Amino acid sequence: MTELATSPDMGRGPEKQLPRFDPGITEPIWKIRWKMNMRSLAQNWEIFKESRVGMSGLIIIIAFGAFGLLWPIMINFVWDPLIYHPVVGFDPMLMHPSPPVAGHLLGTDPIGRDILAQLMFSTGREFLLGMLSAVISVVVGTFIGAMAAYYGGFTDTIFMRVADIVMLFPFVPLLVVIGSMIRLSIFPFAIILGFLEAFGGITVILKAQALQVKVRPYIDAARVAGGSDLHIIRAHIIPNVLPLSFLYMMFNVTAAIVSEATLSFFGILNIDMSWGMMIHTAETAGYLFDFGKFWWLWAPSGFFITLFCAAFYMVGRGLDEVVNPRLRKR
Amino acid sequence: MIPGHARAGGPSGALRPAPRFGREQLKARVITMRRYMLGRVGQLVLTLLIYMTMVYFLMQAMPGDISQVYLANPRIPQAARLELKKQLGLDRPPFFQYLSYIKNFFTGNLGVSFSHYPRPVWDILVERLPRTIVLFVTANCLSFYVGFVLGRIIAWQRGATVDRMATVVGITFWTAFYPLLSLILIWLFAFTLNRLPLNQFIEPALWIKAPFTSNTVFGYMVLGASVIALAVFLIFWVFRRGLRRTRRSAAMAWAMTAGVIGLAIWIAHATGTLIYIWDIIRHMILPVCTLTLINFAGTMLLMRDSMLETVQEDYVMAARAKGLPDNVVRDRYAARNALLPTVTSLVLSLASSMSGGLVTETMFSWPGIGQVLFRAAIGNDYPLATGALVFTGVFLLVAHFVADVLYAFLDPRISYTGQPAAEG
């Protein structure tokens, strides 16, 4: 980082200026920035810790992460891939679908694959899908929102009209149409979802936030000091809308997982295994008509989808209290 | 936020509220309103055109176009195939095809469905649209109302057991995997308890000897329901605005409502349609409940948040200091001003509730647009899928428009340029 945002004539080189200003700072500026960021992060963490909803969400997410990380260990060292592979595994010693027994803690599905292994394998994939689409949507959305707010005029109009139309798109019907004609696998699906969400509501919300930042005095100060447009957007506007975008990232993870599960449930996506796919398997094999008897076919995956989405949503609500000071208790 | 409660209905019950505007202001308001509406209609048409263009190019970009599906029959000889292609206009350049697609849409010609072969797409969609609208409007109104009422209660009792319980239950339903949720509800209420009918729109055994078609009955049912809703709304509006609020006038309003509903039932009975209407309503209960369960939590949690902001306002404290009862302060002071952000988000969430509608319709075999779209997409019925997607878009556009206009009527602070005048 060469540019020093606070004062324009410090760019000539710190060793010359130190005696003249003598601010008493010997640390390089990036270190100070780092410390300030860390301090504000610590403060926000303190606020976040207060919210019980947010903390329980975070704990659930960490638990899911640990569960997902177990998968490579289990399949490489503990389980026999021939029996426990989530897609092609088969246990010849049992009648399928088998209720929970010693070797299969959550039973097996109608074609003899272990439910627990499927759950574990899918966890990592769901994380990947949710995070990828959320990161894409938030990065693109933040950048567009900041640009629209900063430049205004034509840029603003174009992106806002696009947002109007994208917000109009009913996502699931649209994805049903796309997915039924192209076989979507997990990466294209995450990217399509991310961009759909990026150009929609998230742009509008982040633009509203960026508009509030834009009129602050320090933006004028930065402009007077000779900061370029791109620099102001990158160094001043985006960091100030970042908490809000982070909040929406959490909500977008929920949306992505729900869309994936729904489409997998209908058998439209080209995904070999996911939580929605597990319910799809149970449903197409006809075992969902007797819920109570074959509970292990639908309950674990259904519960996981709900819990996983709820966890991200809860973290989002906890972050909401960080971002919106008026929601806090006192 | 401006404390707009002085205008938004008189808080003290016995007082007759002052008229909202003077005559001059009213005139000016009507003129700006008209201009605003015209602008919105212009935007509506433009957005519709862009949307249709996007749907068209999406369909063109898909592998395997209409001509292949339609003309793939190997028994058609080559010459006839070319001739057919020419008749269908598929040999022309894409831009002209696009133009004729737009023209055909506005003249009501959406082609012929492959899967319901001789029926035109327009015919199918027009038949299915009212069913979707009824499901969608009922479920959205119900979930909004439930969310609104619950939200203001749990915000008022922040941190209490009710708050925590409702938040947990709300988040669970909000993030629940709704195909599974609807399956569970079907299994529970229709299969195990055997209380409600199992899916579909009507009971064929009952309708086989019916002198009417289900569409006729359904049309009259929708018409009757709208008339009832309008009448009840008018009764309560007159009661709120024009009459003194006493126990007697309240009783009168309720009696009149009961009278209207009784009259409607009597008319239905006299024409012999009552059992059929009841049959359709019975089939509606489960889908509507499912959609409500999925959607109410969004409104509830948002209402809670926005209410938490308004309860800190000075005018709420003033109202409490005046010694008004708790629920009056809550309902008339805090909740009314907390309503606006909730309505905004309702407008924004229409599209996502349409997505939920597709899933619900498919799961409950409710023959609406969503189910048609799903089946057409799965069965590669391109004309029907295109038509259904465009219809969904048109429907959402109109819903957005209605919600926007309602919002502009609701909030006197909106300057009709599209931006809220006072945002705090």
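Residues numbered from 1 in each chain as written. Chains lettered and ligands numbered in written order. Predicted model: local features only at pLDDT ≥ 70, side-chain atom pairs only at ≥ 80, totals over all residues. Heavy atoms only, no water.

Engineer: Could you give an account of the environment of Ala377(B), with specific residues and numbers?
Structural biologist: In this fold, Ala377(B) is placed in helix H15 (residues 369-378). Taking C-alpha positions, Ala377(B) is 53 Å from Val316(B), a pair spaced 61 residues apart along the chain. Sequence-distant contacts of Ala377(B), defined by excluding residues within four places in its chain, comprise Val176(A), Val177(A), Ser180(A) and Ala385(B). (Helix = DSSP H or I, 4+ residues; strand = E, 2+ residues; numbered from the N terminus. Contact = heavy atoms within 4.5 Å.)

Engineer: An account of the side chain of Ser365(B) is requested, with residue identities and associated values reported.
Structural biologist: Within the secondary structure, Ser365(B) is located in the loop between helix H14 (350-363) and H15. When residues no more than four places from it in sequence are discounted, the contact partners of Ser365(B) are Asn199(B), Gln200(B), Phe201(B) and Gln371(B).

Engineer: So what's going on with the interface of chain B and chain A? Which residues, and what values?
Structural biologist: Opposite the 50 residues of chain B that make contact, chain A presents 45 residues. Here chain B meets chain A over a buried area of about 4,400 Å², counting both sides, of which 75% is carbon and sulfur. Counting the surface chain B buries against chain A, the share from its top three residues, Arg158(B), Thr175(B) and Phe177(B), is 14%. Seen at the junction of chain B and chain A, the total is one salt bridge. Among the ionic pairs, Arg317(A) bridges to Asp305(B), the shortest N-O distance being 3.3 Å. If you list the elements that add at least two residues to the side of chain B that touches chain A, you get helix H1 (23-61), helix H6 (161-175), helix H7 (178-192), helix H11 (274-310), H14, H15 and helix H16 (382-410) of chain B. Its residues placed into classes, the side of chain B that touches chain A shows 34 nonpolar, ten polar and six charged. (Buried area = accessible area lost by both parts, 1.4 Å probe. Salt bridge = Lys/Arg side-chain N within 4 Å of Asp/Glu carboxyl O. Nonpolar A, V, L, I, M, F, W, Y, C, P; charged D, E, K, R; others polar.)

Engineer: Provide a residue-level description of the packing of aromatic side chains, including the pertinent values.
Structural biologist: Given two aromatic rings, one states the distance between the centres and the angle between the planes to describe the pair. Here the structure, examined in full by the defined rule, presents 36 aromatic pairs over all chains. Each ring, one from Trp79(A) and one from Tyr84(A), has its centre 4.7 Å from the other, and the planes form 15°; the classification is stacked. For the residue pair Trp79(A) and Tyr84(A), the accessibility class agrees, reading buried in each case. Pairing Phe136(B) with Phe395(B) gives two aromatic rings, centres 5.1 Å apart and planes at 65°, and the pair type is edge-to-face. With a gap of 259 residues between them, Phe136(B) in helix H5 (residues 121-156) and Phe395(B) in helix H16 connect regions that are remote in the sequence. Through a chain of ring-to-ring contacts, the aromatic side chains of Phe64(A), Phe67(A), Phe127(A), Trp275(A), Phe304(A), Phe308(A) and Phe312(A) assemble into a single cluster. (Phe/Tyr/Trp six-rings, centres within 6.5 Å; stacked < 30°, edge-to-face > 60°. Buried < 20%, exposed > 50% of the residue type's maximum accessible area, 1.4 Å probe, protein only.)

Engineer: Would you mind going over the packing of H11(B) against helix H13 (residues 326-348) of chain B in detail, with residue names and values included?
Structural biologist: All names here are of chain B. Where H11 meets H13, the closest approach of the two axes is 8 Å, and the angle between their N-to-C directions is 125°. One way to sum up the angle between H11 and H13 is to call them oblique. Crossing hand, H11 versus H13: right-handed. Residues Thr-299, Leu-302, Met-303, Ser-306, Met-307 and Thr-310 of H11 form the contact with H13, whose own contacting residues are Arg-330, Ala-334, Ala-335, Asn-337, Ala-338, Pro-341, Thr-342 and Ser-345. Of the residues that constitute the contact of H11 with H13, the class distribution is seven nonpolar, six polar and one charged. (Axes fitted to C-alpha atoms, helices over the stretch in contact; angles between N-to-C directions. Parallel < 35°, antiparallel > 145°, perpendicular 65-115°, else oblique. Left-handed = near helix turned anticlockwise from the far one by under 90°.)

Engineer: Break down the pattern of salt bridges for me, citing the residues and quoting the values.
Structural biologist: Residues and elements named next belong to chain B. Applying the stated criterion across every chain, the model contains 14 salt bridges over all chains. Here Asp-331 and Arg-330 are joined by a salt bridge, their closest N and O atoms 2.9 Å apart. Look at the salt bridges and you will find they share partners, linking Arg-119, Asp-123, Glu-127, Arg-128 and Arg-131 into a network.

Engineer: For the packing of H14(B) against H15(B), give the residues involved together with the corresponding values.
Structural biologist: Residues and elements named next belong to chain B. The contact between H14 and H15 brings their axes to 7 Å, and the two run at 80°. The pairing of H14 with H15 is recorded here as roughly perpendicular in orientation. Here H14 contributes Leu-358, Glu-361 and Thr-362 to the contact with H15, which in turn contributes Ile-369, Gly-370, Gln-371, Leu-373 and Phe-374. Of the residues assigned to the contact of H14 with H15, the class counts are four nonpolar, three polar and one charged.

Engineer: How would you summarise H6(B) if you had to cite specific residues and measurements?
Structural biologist: The end-to-end C-alpha distance of H6(B) is 21 Å, a good match for the 21 Å that 15 residues give at a rise of 1.5 Å each. Taken residue by residue, H6(B) has Asp163(B), Ala166(B), Thr167(B), Gly170(B), Ile171(B) and Thr175(B) as its buried positions. Down the axis of H6(B), the buried side of the element spans an arc of 135°, and every buried residue falls inside it. Residues Thr161(B), Met165(B) and Val168(B) are exposed on H6(B) and point more than 90 degrees away from its buried face. Considering only its buried residues, H6(B) is in contact with helix H3 (52-78), helix H11 (229-265) and helix H13 (295-323) of chain A together with H5 and H11 of chain B. (Expected span 1.5 Å × (residues − 1). Arc of directions from axis to C-beta.)

Just distances and angles here, no functional claims.
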